[in-house]
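Each chain is listed here by its residues.
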Amino acid sequence: MLIIAEIGQAHEGSLGLALSYIDALAEAGVDAVKFQMHIAKAESSDFEPFRVRFSKQDKTRFDYWKRMEFSPEQWKILKDRCDEKEVEFLASPFSNAAVDLLEELEVKRYKIGSGEVNNFLLLEKISRTGKPIILSSGMSSFEELDQTAIFLKERKVDFSILQCTTSYPTLPKSYGLNVIGQLKERYRVPVGFSDHSAKTETLVAATALGAEILEFHIVFDRNSFGPDATSSIEIREVKNLIEAVRNIEISLNNPVDKSDNSDYSELKKIFEKSLSVNKDLPSGHQISFEDLESKKPSGYGIPALKFSEVIGKSLNRDISQWEFLNWNDVFK
């Protein structure tokens, strides 16, 4: 299981805040921290509309991306901090120029955002690096994903696909957890789940359904400024989330053989029961259902599961209330 915490734009253009996120997430136990590498001049224009008009300080979407940029030197500082904290530095490029910069940083693999899945120019650029790709499928139909899968397979690129719903925050009816299995069957590649629900249970459910990669937006506080804050998991929730996911992962990797209960043989002796009688009964009495009780432990009387075999049989001795009933107490 690869657990990716997406810092995205939660750093608000602050190098110090970005470093704080890396430190906190490394402490929480994630495998990778993910950024978005935006180079405004290479990817955007003054014509790009806002997805959500959340900011009064950015006149255009281009201005927002410009404010979110880090310099190559600052990106190197962030990559080095990840290396120091032993978490993978991961970033989504949104331009070929960003790929060049990420190659200088010697990233291990690439994450492709939902809006770039059919950007074959960008995918060609990344394919030429020979490195693996993780695709988010949020805005793609199966037909579009088919085209991308063919494109990448022709170039012998190792790739995985994340079920993702591009809705902020995603409501339960739109999680698309059912798609995890469909992606596995259709593409025969590792499949994961990219979350925008801001709820840890969504990620636990995805794990139980076979997700091999989890990605989620994080923020120190969901009341923070920014377009993704309401769709993010808070840092304080991450440690418990990871513990839950790891436990589910252990369970899935250790299937239980329900046909073999030999491990419970001693416990069964304690918890299972033997037949007894619930009243004093004389010799010759014909046993009825109303005469019987079951008592722990097993092995001291006729097993309780065989109660029907003694009904109608006669006692060959007097038996006291709550005494165990054995086969030698009845006429055969």
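Residues numbered from 1 in each chain as written. Predicted model: local features only at pLDDT ≥ 70, side-chain atom pairs only at ≥ 80, totals over all residues. Heavy atoms only, no water.

1. Quick notes on the overall build of the protein
This is how it is decided: Numbering of helices and strands runs from the N terminus; a helix is a DSSP stretch of H or I covering at least four residues, while a strand is a stretch of E covering at least two. A radius of gyration in this sense is built from C-alpha atoms; the matching globule rule multiplies 2.2 Å by the number of residues raised to 0.38. Throughout, exposure labels follow a simple rule: accessible area from a 1.4 Å probe, protein chains only, divided by the maximum for the residue type, with under 20% read as buried, over 50% as exposed, and the rest as partly exposed. Only heavy atoms matter for contacts: two residues are in contact if any of them lie within 4.5 Å across the pair. Each accessible area value is a Shrake-Rupley result obtained with a 1.4 Å probe; residue values ignore everything except the protein chains displayed when judging cover. Just so you know, the count uses Lys and Arg for positive and Asp and Glu for negative, and it drops His and the chain ends. Here the site of a charge means atom NZ of a Lys, CZ of an Arg, CG of an Asp or CD of a Glu.
Across its full length, the protein carries 11 helices and 11 strands. In terms of overall size, the protein is more extended than a compact globule, its C-alpha atoms giving a radius of gyration of 31 Å where 332 residues would be expected to give roughly 20 Å. The C-alpha extent of the protein, read off along each of the three principal axes, is 100 × 45 × 35 Å. For the protein, the proportion of its 332 residues judged to be buried stands at 45%. Of the contacts made within the protein by residues no fewer than 6 positions apart, 64% connect residues no fewer than 24 positions apart. Accessible surface, the protein: about 17000 Å² in total, of which carbon and sulfur atoms supply 51%. In the protein, which carries 42 positive and 52 negative side-chain charges, the distance between the mean positions of the two groups comes to 1 Å.

2. Quick word on the packing of helix H1 (residues 15–28) against helix H10 (residues 235–252)
What counts is decided by this rule: A fitted line through C-alpha atoms serves as each axis, taken over the contacting stretch for helices, and the angle formed by two N-to-C directions is quoted from 0 to 180°. Orientation is classified from the angle alone, with under 35 degrees giving roughly parallel, over 145 giving roughly antiparallel, 65 to 115 giving roughly perpendicular, and any other angle giving oblique. Crossing handedness follows the turn of the near helix against the far one: under a right angle anticlockwise gives a left-handed crossing, and clockwise gives a right-handed one. Residue polarity follows a fixed list, in which Ala, Val, Leu, Ile, Met, Phe, Trp, Tyr, Cys and Pro are nonpolar, Asp, Glu, Lys and Arg are charged, and the others, Gly among them, are polar.
Where H1 contacts H10, the axes come no closer than 9 Å and their chain directions differ by 25°. In terms of orientation, H1 lies roughly parallel with respect to H10. Where H1 crosses over H10, the two elements pack in a sense that is right-handed. Residues Tyr21, Ala24, Leu25, Glu27 and Ala28 of H1 form the contact with H10, whose own contacting residues are Ile235, Val238, Lys239 and Ile242. Taken together, the residues that form the contact of H1 with H10 break down as seven nonpolar, no polar and two charged.

3. As for the packing of helix H7 (residues 142–154) against helix H8 (residues 178–187)
Where H7 meets H8, the axes come as close as 12 Å, and the angle between the chain directions of the two elements is 40°. Here H7 lies oblique to H8, going by the angle between them. The interaxial crossing formed by H7 with H8 has right-handed handedness. Facing H7, whose interface residues are Phe142, Leu145, Asp146, Ala149 and Lys153, H8 presents Val179, Gln182, Leu183, Arg186 and Tyr187. Considering only residue class, the contact of H7 with H8 consists of six nonpolar, one polar and three charged.

4. Section: the pairing of strand S2 (residues 32–37)
In regular strands, side chains alternate between the two faces of the sheet. Selection criterion: Here, strands pair whenever DSSP counts at least two bridges between them. The handedness of a crossover follows from its direction of travel: if, with the strands pointing away from the viewer, the path from the first strand over the helix to the second runs clockwise, the crossover is right-handed.
Of all six residues that make up S2, six are buried, and the element is covered over most of its length. Alternating positions in S2 separate into two faces, Ala32, Lys34 and Gln36 on one and Val33, Phe35 and Met37 on the other, with burial throughout. With four bridges connecting them, strand S1 (residues 2–8) and S2 associate as parallel partners. Directly across from glutamate 6, in S2, lies its bridge partner lysine 34. One crossover worth recording links S1 to the parallel S2 by way of H1, and it is right-handed.

5. Examining the nonpolar core
Soluble globular proteins tend to bury their nonpolar side chains together. Put simply, the rule reads: The criterion is simple. A nonpolar core is a set of buried Ala, Val, Leu, Ile, Met, Phe, Trp, Tyr and Cys residues joined through side-chain atoms within 4.5 Å.
Counting 64 residues, the largest nonpolar core has Phe35, Leu78, Phe89, Ile133, Phe216 and Ile218 as its most contacted members. By residue number, the principal contributor to this core is H1, which donates eight residues. The next biggest cluster of nonpolar side chains, apart from the first, holds 11 residues, and it includes Leu275, Val310, Leu315 and Val330.

6. Side note on the packing of aromatic side chains
Convention followed: The rule is short: rings of Phe, Tyr and Trp, with Trp giving its six-membered ring, pair when the centres are within 6.5 Å, and they are stacked under 30 degrees, edge-to-face over 60, tilted in between. Criterion for a charge above a ring: Arg CZ or Lys NZ at most 6 Å from the ring centre, at most 35 degrees from the ring normal.
According to the stated counting rule, one finds eight aromatic pairs in the structure shown. Ring geometry for tyrosine 300 and phenylalanine 324: centres 5.8 Å apart, planes at 35°, overall tilted. Taken as a pair, tyrosine 300 in the segment after strand S11 (292–295) and phenylalanine 324 in the segment after S11 lie far apart in primary sequence, 24 residues in all. One aromatic cluster is present, formed by Phe35, Phe70, Trp75 and Phe89 through successive ring pairs. The ring of phenylalanine 151 is capped by arginine 155, whose NZ or CZ atom sits 3.6 Å from the centre of that ring. One Lys or Arg, lysine 295, reaches over the ring of phenylalanine 324 and ends 5.3 Å from the middle of that ring.

7. Regarding H10
This is how it is decided: Here the expected length of a helix is defined as 1.5 Å per residue gap, with one fewer gap than residues.
The end-to-end C-alpha distance of H10, which contains 18 residues, comes to 26 Å, matching closely the 26 Å that a straight helix rising 1.5 Å per residue would cover. Every buried residue of H10 is accounted for by Ile235, Glu237, Val238, Leu241, Ile242, Val245 and Glu249. Those residues of H10 hidden inside the fold are in contact with S1, H1, helix H9 (200–208), strand S8 (213–219) and strand S9 (233–234).

8. Remarks on the UniProt feature "domain: AFP-like" (unreviewed entry) in the protein
Which entries qualify depends on this criterion: UniProt positions are given in the numbering used here, feature names are shortened, and annotations may be inferred rather than shown by experiment.
Look at the UniProt record and you will see "domain: AFP-like" (unreviewed entry) annotated at residues 274–332. Helix makes up 0% of residues 274–332 and strand 14%, whereas the separation of the span's terminal C-alpha atoms amounts to 19 Å.

9. Regarding the environment of serine 137
The condition that has to hold: Pairs of N or O atoms within 3.5 Å make up the polar contacts considered here, provided that, within protein, one atom can donate a hydrogen while the other can accept it, and that residues adjacent in sequence are counted only when both atoms are side-chain atoms.
Among the secondary structure elements, serine 137 is positioned in the loop between strand S5 (133–136) and H7. Look at serine 137 and you get buried, because its relative accessible area is 4%. Through-space distance from the C-alpha of serine 137 to that of serine 194 is 8.9 Å; in sequence the pair is 57 residues apart. Those residues in contact with serine 137 that sit more than four places away from it in its chain are Ser114, Leu145, Ile161, Leu162, Gln163, Cys164 and Leu183. Reaching out from serine 137, the side chain makes a polar contact with the backbone oxygen of leucine 162 at a distance of 2.7 Å.

10. Digging into the pattern of salt bridges
Using the following cut-off: Whenever a carboxyl oxygen of Asp or Glu lies within 4 Å of a side-chain nitrogen of Lys or Arg, that contact is scored as a salt bridge.
Counted under the stated rule, the structure contains 27 salt bridges. Through salt bridges with shared partners, a single ionic network connects Glu124, Arg128, Glu154 and Arg155.

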